[in-house]
Each structure stands twice: as C-alpha cells, then as structure tokens.
Amino acid sequence: MTACEIRAFIDQLPKAELHLHVEGTLEPDLKLKLAQRNHIDIGQTTVEEVRKTYNFHDLPSFLSVYYPAMEVLQTEQDFYDLAYAYLQKAAANTVRHVEMFFDPQAHTSRGISFATVITGLHKAVVDAQDLGVDAALVMCFLRDYSKESARQTLAEAMPYKDWIVGVGLDSDEHNNPPLKFARQFEDAQAAGLHITAHCDVDQKDSIEHIKQALEIMGVERIDHGTNIVEDPDLVDFAVKQGIGITSCPPARTDTSPKMKGEAILELLSKGAKICVNSDDPAYFGGYINDNYYALASQFNLSKEQIAQLARNSFEVSWIPSLQKAHYQSQIDTYLSKDK
Ligand code: ADE
Ligand code: ZN
C-alpha cells in the first residue's frame, strides 16, 4: 500500500475514540479566543506564541503546561465550545463514537462549579448527534489529589449520573497507584458506572499498577497500558477477559517519543483488545487519524491490522451490544467496498 492509500483507508474507516481528554483538545487559537472573551491575560497575544508554550518532554512537564492552560475555561459556554470543537474534528476523522475524559477537579479546584463544567460538556454531547457522532463522558479522578477529594467529586457527580458513562483515573502516576482509589471505584461501580484507569507508559511502577487495576480493582480497560507486554501472564489475563487497552501512539514523536509500536503490534497479534486514540491531540500534534497513520506507516500495518484496531475500539467501548454490532457491520461494508 502506498502512503496515500493507507491515509485514504484510515480517513474513511469508521472508528471509536476511547482515550481522549477534552481539556487536551484546547487548541492554541481557541485558548487565545477564550482568554480574550474572559479578559484573562495569558501572557501571549498570538496563536504562534501560545503554540510555543505547548512544550514538554515527559508526563510531569506536560501536566505543568496542561493544567495552567485551563484557566481560560470559565463559563458553561467555554466548556461547550471546547467539546464541540473537538466533536467536529471527531466527525471529520470518521469517529462514530467517542467516550471523552474530563477532569472536574482541575476546574472545581480553581472555583468553577461542577455544574458549569458538566452542563457545557453535556450540551455539546447532545449537539454532536447532528454531526453523526455518538458521544459520552467519562469523569476522571486526578490521582495526585487525595482520596477525600475523589470521594467529594463522585458525590458532586451523582446528580448528573445519567450524563456520565464511567469513571477513570489520570494525572501524575508517580507514587499514585490505582489502589489509592479502590473505594471510590467500588462506589462508582455500585452507582452503575463503568471503570477504567490510566496506566501510563514507562512509569516507575507500571506493571504493579496494571496488576492492581486489573486483578484487584477489576477495571474494564487500561488507558495507555502498553507496558503490559512485559508480563505475559497479565497479557493472557487481559486477552481472556477482553480488557480494552487504549493506546495512544503519538502522531508527533519529537515531543512525545513513546510510540510503543512494537508493543501495540505484539498485543494485537495476541488477540488483545487494543485500539488507537489521540489522548491530548492539541498538545501531541495530531487527531486520531494522524495517530492511526503514524503507527500504520511506521510499522507497515496491513489493512486488516488497521481495521482490527478499529473493530477493537467498538468492541471495548461502553455501548450496547446491538450498537456494537451495527458499527462492526459498517466496518465489514467498508472493507468489502474497498476490495
Ligand atoms: N491527563 C491528560 N492526559 C493525560 C495522560 N496521558 N496521562 C495522565 N494524565 C493525563
Ligand atoms: Zn490520557
């Protein structure tokens, strides 16, 4: 397949996106627009200047740029605009279903109410139907905050439970194991929510964290999670249980060098339900099709392998089985037309 053929194949392939932080879709131009609208001096006045601040080399340095950038998000309309701008891009990337992470504590900790955040995001989710994108929200706990803060956040979310499909765990993983939040995850599950957790790439305790998340907490997916290849027994467990692994091979490897392509291919060949996602596309240099393309071109993926990644994305999503079957048949039709 030529580069053009791979790109064209990916560009029209129906897919789901399951690892996408809505705050990570804050493009420099929108950040500037929201700063002006809210009369906030962010220290830059041009898109290029803002873009230059999106500079980091690992998870902590990324987070130290990421959280301060959120200060421009103040009103319900700001959250709506942020999410809707992403959902338009999702539609253009033939994303049929997306489960979007949001970080309420990153906003409530600076005085923005939970209601403001979730109402803005939810309105965008509703309007996304008109774009042909089925969207849902996954609330993340910030793992570098306390258990008490997570407990309080879950309590605040309860009146909006019907607008949330699951809970996740993100932010700085160093010395913040999944088990720290075992109780809050149990409570979330008891409230009918799905559960997933970030097990970021190459962390100090990656394997131990993956073990805790899978074997003790019973999460349905691990986000990133590619270090699982280091433990064949865990891979076996994940394959047997149909655990989702939401990898994010970055489109731009200069700022985020950890593509983990070999691990993704190994997991795919073993039948693990691994898929491709964009994580924080405004920061990592590409939306989902760019990430599929970066992986496919660098590792010479066949159409069948690319399609399997998309099939997996629907398979481990949190939609009803009938809807899953519908999307899988869309992929079948797409493949048969492509022959
Ligand atoms: N918050 C946003 N993106 C994240 C990531 N990839 N890992 C941990 N926390 C995050
Ligand atoms: Zn992430």
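Residues numbered from 1 in each chain as written. Chains lettered and ligands numbered in written order. Predicted model: local features only at pLDDT ≥ 70, side-chain atom pairs only at ≥ 80, totals over all residues. Heavy atoms only, no water.

## Things to note about the overall build of the chain
Regarding its fold elements, the chain presents 16 helices and eight strands. In terms of C-alpha radius of gyration, the chain reaches 19 Å, essentially the compact-globule figure of 20 Å for 339 residues. Along the first, second and third principal axes, the C-alpha atoms of the chain reach 55 × 45 × 40 Å. Scored against the burial criterion, the 339 residues of the chain give a buried share of 57%. Taking the contacts inside the chain whose residues are at least 6 apart along the sequence as the reference set, 78% of them involve residues at least 24 apart. Per element, the accessible surface of the chain, about 13,500 Å² overall, is 50% carbon and sulfur. Separation of charge centres in the chain, based on 31 positive and 49 negative side chains, amounts to 2 Å. (Helix = DSSP H or I, 4+ residues; strand = E, 2+ residues; numbered from the N terminus. Rg over C-alpha atoms; globule rule 2.2 N^0.38 Å. Buried < 20%, exposed > 50% of the residue type's maximum accessible area, 1.4 Å probe, protein only. Contact = heavy atoms within 4.5 Å. Areas by Shrake-Rupley, 256 points an atom, 1.4 Å probe, with all protein chains shown as cover. Lys, Arg positive; Asp, Glu negative; His and termini not counted. Charge placed at Lys NZ, Arg CZ, Asp CG, Glu CD.)

## Observations concerning the site of ligand 1
By nearness alone, every residue bordering ligand 1 is listed as His21, Leu59, Phe62, Leu63, Tyr66, Asp170, Ser171, His198, Asp200, His224, Asp279 and Asp280. Between ligand 1 and Asp280, the relevant distance is 2.7 Å, taken from a nitrogen atom to a side-chain nitrogen or oxygen of the residue. Relative to its unbound accessible surface of 260 Å², ligand 1 loses 99% to contact with the protein. If one sorts the elements of the shell around ligand 1 by residue count, helix α4 (residues 59-69) sits on top with four residues. Among the residues forming the shell around ligand 1, the class breakdown is four nonpolar, four polar and four charged. (Near = heavy atom within 4 Å. Polar contact = N/O pair within 3.5 Å; in protein donor to acceptor, adjacent residues only side chain to side chain. Nonpolar A, V, L, I, M, F, W, Y, C, P; charged D, E, K, R; others polar.)

## A word on helix α8 (residues 147-157)
Every buried residue of α8 is listed here: Ser149, Ala150, Thr153, Leu154 and Ala157. Axial view of α8: buried residues confined to an arc of 140°, hence all on one face. For α8, the elements touching its buried residues are α6 (105-108), α7 (114-127), β3 (134-142), β4 (166-170) and α9 (182-190). (Arc of directions from axis to C-beta.)

## Observations regarding the UniProt feature "binding site: Zn(2+)" (unreviewed entry) in the chain
The positions that UniProt labels "binding site: Zn(2+)" (unreviewed entry) are, in the present scheme, His19, His21, His198 and Asp279. Across 261 residues, the annotated set stays spatially compact, with a maximum C-alpha separation of 11.6 Å. With respect to the helices and strands, the residue His19 is situated in strand β1 (residues 15-21). Apart from the residues lying within four places of it in its own chain, the contact partners of His19 are Glu99, Phe101, His198, Asp223, His224, Thr246, Cys248, Asn277, Ser278 and Asp279. At 3.1 Å, the side chain of His19 and the side chain of Thr246 are in polar contact. His21 gets classed as buried once you look at its relative accessible area, which sits at 4%. (UniProt positions renumbered as here; feature names shortened; annotations may be inferred.)

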